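Analysis of the macromolecular model
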Amino acid sequence: MFSKHANQKIICSALALSLLGGCAIFDKKDTDEESGWLLRQFEKDGQELANKATVAYSKGDFKKTQELVSEALKDNPRNQQALLVGALAAEKLGRINRARQYYEDLIIIGGDQTSVLGSSSGAPQKIADIAKERLRAISIKQSEIVIEDKNGTKVFNISQEAASAQSQKVITRALVQKKNAAAAPRSTSPALDLFTPEEQNIITRFLTLKELAEKDLITKEEFLTRRQTNIGGLLPLTHKPGAAGIDAPVPSPDLIIERINVLKEAVESRAITPREFSAERDIIIEALMPPSPRTRMKPKAPSKDILGAAKDLRKLEALYDLNLITSKEKAAEKKAIEKYLGINRAQPKPAPAPVAVAAQPKPVPAAQTQESSVILPKPEQPLNTVEKIEKIEVIQPLPPAPVEEGAPTNIVPNVTSPF
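Residues numbered from 1 in each chain as written. Predicted model: local features only at pLDDT ≥ 70, side-chain atom pairs only at ≥ 80, totals over all residues. Heavy atoms only, no water.

1. Details of the overall build of the protein
Within the protein, the secondary structure is distributed over 16 helices and four strands. Relative to all contacts within the protein whose residues are 6 or more apart in sequence, the contacts with residues 24 or more apart total 69%. (Helix = DSSP H or I, 4+ residues; strand = E, 2+ residues; numbered from the N terminus. Contact = heavy atoms within 4.5 Å.)

And the structure:
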């Protein structure tokens, strides 16, 4: 129907149109709409491997999950399902840094894609939000401040050098904050020199316990129970020894309070459950001051020399200035120190006075009565009288004890609620 020349023209025109259309497509690729389309096409890559990784994760085969996730991310590093499943499997395998990396990538990607995997409520949730919660939970677990020693006892993960530096800051701050703040800086350095590093650790624990109660992070009952059980660490002569281990290194109150506040925020954001919060909070408080210790510290021997007793009395004054003991506890401990030193021992009672008996006069013969000049007693006073001399002790009432000036405030904080 068409000539050969006409057919060539039609073919050339078709080729030209196809070339122009191809150029148009290549030019359109640079537009935002086409870039988004290509990105969506690119994100579909690796989806099959991500689905297989999800199935392996549901079966508990976490190593196989990691292998499939690695293959899926080679095809598409932005596959959110693969990143989420890979992060959850990494947590199960203890590869916290790998899980952290995947969660951070998911937070950067964002988006509206949802999933039930890793959701705290079990309902579909944005994958980016799931990643934020899981990342917070990982951060909490990685910053544990309580560990177990060889005997299974809960102790703080801190060295003695760091604890000594923090204890000095805590004691100094507590001395400055007392009522007579002007005299506190002058007494700060001598007070620290009085106590050994182990004694400073004990003082720091009591100051931390008191601050936790003041900030409503523990109840009044928790404060009183732990204080009365371990007060022997401060007053060794009048109370039972404190729990074994309270002289070990301890973090500063700020670090412990910050840790509990982080746990509270994690509960509010549903990163951890209230039961997990309560469990870790109890572990921290138990490591700080156990309420019912199985073993106690060795009893402290009283000072037998004047210098040692004088130092113990100065320690009492420092504890009183820190508002850790009451005036009655201070007086009882002071009396015990003086007693063991021999200053305040009870004096022996005086022996009762002997009974004085009057000498009986010998009878005088009648023949000699007229010649002798002996003066006989009057008839109303019999001769055989025995005079008793009794000593009557009059007990005077003791004057009232003088009230010490500058007495500290009540050591029991005004606690309302631990939460």
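2. So, the environment of phenylalanine 156
Checked against the element boundaries, phenylalanine 156 lands in strand β4 (residues 154-156). Classification of phenylalanine 156 as buried rests on a relative accessible area of 5%. Residues within four places of phenylalanine 156 in sequence aside, it is in contact with Ile145, Val146, Arg205, Pro249, Val250, Pro251, Ile256, Ile284, Ala287 and Leu288. (Buried < 20%, exposed > 50% of the residue type's maximum accessible area, 1.4 Å probe, protein only.)

3. What to know about unusual backbone geometry
The phi dihedral of aspartate 216 is positive, around 60°, even though this residue is not glycine. Structurally, aspartate 216 can be placed in the loop between α10 (197-214) and α11 (220-230). Since its relative accessible area comes to 22%, aspartate 216 is described here as partly exposed. A positive phi is found at asparagine 323, a non-glycine position, where the angle reads about 65°. Looking at the element boundaries, asparagine 323 is found in the loop between α14 (306-321) and α15 (327-341). For asparagine 323, a relative accessible area of 11% corresponds to the buried category.

4. What about helix α13 (residues 274-288)?
With 15 residues, α13 extends 21 Å between its outermost C-alpha atoms, agreeing within 8% with the 21 Å of an ideal straight helix rising 1.5 Å per residue. Inspection of α13 places Phe277, Glu280, Arg281, Ile284, Ile285, Ala287 and Leu288 among the buried residues, and these make up the whole buried set. Buried residues of α13 fall within an arc of 160° about the axis and therefore sit on the same side. (Expected span 1.5 Å × (residues − 1). Arc of directions from axis to C-beta.)

5. What to know about the side chain of threonine 208
In this fold, threonine 208 is placed in helix α10. Polar contacts involving the side chain of threonine 208 include one to the main-chain carbonyl oxygen of threonine 204, which spans 2.7 Å. When near neighbours in sequence (up to four residues on either side) are disregarded, threonine 208 contacts Pro253, Ile256 and Leu288. (Polar contact = N/O pair within 3.5 Å; in protein donor to acceptor, adjacent residues only side chain to side chain.)

6. Notes on the packing of helix α5 (residues 80-92) against helix α6 (residues 96-109)
Viewed as axis vectors pointing N to C, α5 and α6 meet at an angle of 155°, and their least axial separation amounts to 8 Å. The orientation of α5 relative to α6 falls into the category roughly antiparallel. Viewed along their axes, α5 and α6 form a crossing whose handedness is left-handed. In this structure, α5 uses Gln80, Leu83, Leu84, Gly86, Ala87, Leu88, Ala90 and Glu91 to contact α6, whose residues at the interface are Arg98, Ala99, Tyr102, Tyr103, Asp105, Leu106 and Ile109. For the contact of α5 with α6, a count of residues per class yields 10 nonpolar, two polar and three charged. (Axes fitted to C-alpha atoms, helices over the stretch in contact; angles between N-to-C directions. Parallel < 35°, antiparallel > 145°, perpendicular 65-115°, else oblique. Left-handed = near helix turned anticlockwise from the far one by under 90°. Nonpolar A, V, L, I, M, F, W, Y, C, P; charged D, E, K, R; others polar.)

7. Considering α6
Residues spaced three or four apart along an α-helix point in a common direction, a consequence of the helix completing one turn every 3.6 residues. Taking 1.5 Å as the rise per residue, α6 with 14 residues should run 20 Å; its terminal C-alpha atoms sit 20 Å apart, in good agreement. All of the buried residues in α6 are Ala99, Tyr102, Tyr103 and Leu106. Projected down its long axis, α6 carries its buried residues within an arc of 95°, all on one side. Projecting away from the buried face of α6 at angles above 90 degrees are the exposed residues Asn97 and Ile108.

8. Remarks on the nonpolar core
In terms of nonpolar packing, the biggest core is built from 52 residues, with Phe156, Ile203 and Leu234 touching the most fellow members. Broken down by secondary-structure element, the contributors of at least two residues to this core are α8 (160-176), α9 (184-194), α10, α12 (253-268), α13, α14 and α15. With seven residues, the top contributor of residues to this core is α10. The next biggest cluster of nonpolar side chains, apart from the first, holds 25 residues, and it includes Ala72, Leu73, Leu83 and Ala99. (Core = buried A, V, L, I, M, F, W, Y, C linked by side-chain atoms within 4.5 Å.)

9. Some remarks on the pattern of salt bridges
Tallied over the entire structure, the rule returns 14 salt bridges. With its nearest N and O atoms 4.0 Å apart, the salt bridge here joins lysine 52 to glutamate 48. Note that lysine 52 and glutamate 48 are positioned in helix α3 (residues 47-58) at a spacing of four residues, about one turn of the helix. As a salt-bridge pair, glutamate 211 and arginine 173 come within 3.8 Å of each other at their nearest N and O atoms. One end of the pair, glutamate 211, is in helix α10; the other, arginine 173, is in helix α8, with 38 residues separating them in the sequence. Through salt bridges with shared partners, one network takes in Arg173, Glu211 and Asp254. (Salt bridge = Lys/Arg side-chain N within 4 Å of Asp/Glu carboxyl O.)

10. A short note on the packing of α3 against helix α4 (residues 62-75)
At a closest axis distance of 8 Å, the pairing of α3 and α4 adopts a crossing angle of 165°. Here α4 runs roughly antiparallel to α3, going by the angle between their axes. Where α3 crosses over α4, the handedness of that crossing is left-handed. On the side of α3, the interface is formed by Leu49, Ala50, Lys52, Ala53, Ala56 and Tyr57, while α4 contributes Phe62, Lys64, Thr65, Leu68, Val69, Glu71, Ala72 and Asp75. When its residues are assigned to classes, the contact of α3 with α4 shows nine nonpolar, one polar and four charged.

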